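# Commentary on secondary and tertiary structure
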Amino acid sequence: MNIQEVHSYEEMSREAAYILEQHISQHPDATIGFATGSTPIGLYQELIRAHQERGLSFQSVKGFNLDEYVGLSPDHPQSYRHFMQTQLFDHIDIQPGKTKVPAGTGNAEEEASSYEDALQASDGVDIQILGIGENGHIGFNEPGTPFDSLTHVVELTESTRAANARFFDTLEEVPTHAVTMGIETILRAKQLILLISGSHKKVTYEQFLRTQDDPGFPASALKNHPNLLVFVTEDARS
Ligand code: F6R
């Protein structure tokens, strides 16, 4: 595990984007694992800038997103598909058919297994971007998720629903379930970049440093990965 202690959110976003830019420049057909949530927004802004100002092309890049809420259609403003379109995909030249986000509508169990099949049939994710939930979740793998889990349907914990309620009008509107890559699915990526930022992640980061192989803290599984890079901002460190 390589930990990069950075000062600010902006620095973290720039540094992480630089790694992606270098990789995509050298491997134009790279497969990137994208995450949603507040944390990677700055990184996506940097990638848009790289595209607009330096001509970084995403023409041949493939994307697989980590997760999607069950019950939200792609055009729902809080769906992760909508998030990716508005925060990144609509502003770069990535081909729509090459961006995969689990479908939130239809049969969720079937979607989870066909998403896993699509991932396994692909060349694999080169770089997976990850944020971390305050309870240590990665993707929507909540505490207690087995480390050998593949893409599956999860019931969201009340704490995750409450944390994400800020994006909805009421807590009741926050979906109760999601489709998420499993922990084993995530660990198959060749490189993982974990972004940790904000004073509300201080306790989470401390726990991340302390835990190892603890299903009660899913992000501890990442420490088994041979190529894990963690960016942590000053406000998330004690
Ligand atoms: C998003 C995801 C989640 C978030 C996590 C942190 O695709 O899978 O694990 O990364 O909930 O969210 P933020 O960045 O909003 O603190």
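Now for a description of the structure that goes with this document. Not measured: the values here are computed from a predicted model. Here the residue index of a chain counts from 1 through its sequence in written order. Local features are withheld for residues below a pLDDT of 70 in this predicted model, meaning they are given only at 70 or higher, and side-chain atom pairs are given and counted only at 80 or more; totals for whole chains, interfaces and linings count all residues. Values shown for side chains rest on all heavy atoms present in the structure; no hydrogens or waters enter the calculation.

## Structural notes on the packing of aromatic side chains
Any two of the Phe, Tyr and Trp rings considered here, Trp counted by its six-membered ring, make a pair once their centres fall within 6.5 Å; the pair's planes then place it as stacked at under 30 degrees, edge-to-face at over 60, or tilted in between. Scanning the model with the defined rule gives seven aromatic pairs in all. When the ring of F34 is compared with that of Y44, the centres are 5.9 Å apart and the planes differ by 75°; the resulting orientation is edge-to-face. One end of the pair, F34, is in strand β2 (residues 31-34); the other, Y44, is in helix α2 (residues 41-54), and ten residues separate them in sequence. Seen in terms of ring centroids, Y80 and F140 are 6.0 Å apart; in terms of plane orientation they differ by 15°. Their pairing is stacked. Placement of the pair is Y80 in helix α3 (residues 80-87) and F140 in the loop between β6 (127-130) and β7 (152-155), with a sequence separation of 60 residues. Of the residues examined, Y80 reaches a relative accessible area of 10% and is grouped as buried. Secondary structure follows DSSP: runs of H or I at least 4 residues long count as helices, runs of E at least 2 residues long count as strands, and numbering of each begins at the N terminus. A 1.4 Å probe rolled over the protein chains alone gives each residue an accessible area, and that area as a share of the maximum for its type sets the label: buried under 20%, exposed over 50%, partly exposed in between.

## Structural notes on the site of the ligand
One heavy atom within 4 Å of a molecule or strand is enough for the residue carrying it to be called near that molecule or strand. The ligand sits among 14 residues. The nearest are T39, D67, H137, G139 and K201. Definition of a polar contact: a pair of N or O atoms within 3.5 Å, with one able to donate and the other able to accept a hydrogen when the atoms are protein atoms, and with sequence-neighbouring residues admitted only if both atoms are side-chain atoms. Between an oxygen atom of the ligand and a side-chain N or O atom of T39, the distance comes to 2.4 Å. In this structure, an oxygen atom belonging to the ligand sits 2.7 Å away from a side-chain N or O atom of H137.

## Considering α2
Given 3.6 residues per turn, any residue in an α-helix points the same way as the ones three and four places further on. Expected span of a helix, by definition, is 1.5 Å for each gap between consecutive residues, and there is one gap fewer than residues. The end-to-end C-alpha separation of α2 is 19 Å, in line with the 20 Å expected for 14 residues at 1.5 Å each. Contact between two residues is taken to exist if any of their heavy atoms lie within 4.5 Å; hydrogens are not considered. Contact partners of the buried residues in α2: α1 (9-26), β2, α3, β6 and β9 (191-196). G55 lies just past α2 and shows a positive phi near 70°.

## Some details on the layout of surface pockets
Using a grid of 1 Å spacing that covers the protein atoms alone, one calls a set of points a cavity when a 1.4 Å probe fits there but cannot get out, and a pocket when the set is open and has protein on both sides within 12 Å along at least five of seven lines; lining residues are those with an atom within 4 Å of a point. Grid points are joined across faces, edges and corners, and a volume is the space filled by probe spheres set on the points. The computed volume of the largest pocket comes to approximately 690 Å³. Lining the largest pocket we find 36 residues, and of these T36, G37, S38, N164 and R166 sit closest to its centre. Broken down by secondary-structure element, the contributors of at least two residues to the lining of the largest pocket are β4 (67-69), α3 and α5 (158-164). Top element by residues in the lining of the largest pocket is α3. It accounts for five residues. Residue polarity follows a fixed list, in which Ala, Val, Leu, Ile, Met, Phe, Trp, Tyr, Cys and Pro are nonpolar, Asp, Glu, Lys and Arg are charged, and the others, Gly among them, are polar. Counted by class, the lining of the largest pocket contains twelve nonpolar, 20 polar and four charged residues.

## Considerations on the pattern of salt bridges
Salt bridges are defined as contacts in which a side-chain nitrogen from Lys or Arg sits within 4 Å of a carboxyl oxygen from Asp or Glu. Going through the model one piece at a time under the given rule, you end up with six salt bridges. Across the salt bridge formed by E5 and R237, the nearest N and O atoms sit 3.8 Å from each other. Taken together, the residues E5 in strand β1 (residues 2-6) and R237 in the segment after β10 (228-233) connect sequence positions 232 residues apart. Put simply, R49 and E46 hold a salt bridge, and the shortest N to O gap is 3.4 Å. Residue R49 and its partner E46 are both found in helix α2; the two are separated by three residues, about one turn of the helix. In this structure R49 comes out as partly exposed when scored by relative accessible area, which is 38%.

## Some details on the nonpolar core
Take the buried Ala, Val, Leu, Ile, Met, Phe, Trp, Tyr and Cys residues and link them wherever side-chain atoms come within 4.5 Å; each set so joined is a nonpolar core. Core analysis: the largest hydrophobic core is formed by 55 residues, its most contacted members being L43, Y44, L88, L194 and L222. Look past the residues within four positions of L194 in its chain and what remains in contact with it is L130, G131, I132, F208, L222, L228, L229, V230 and F231. Within the second largest apolar cluster, ten residues are counted, among which are Y69, Y80, V154 and F168.

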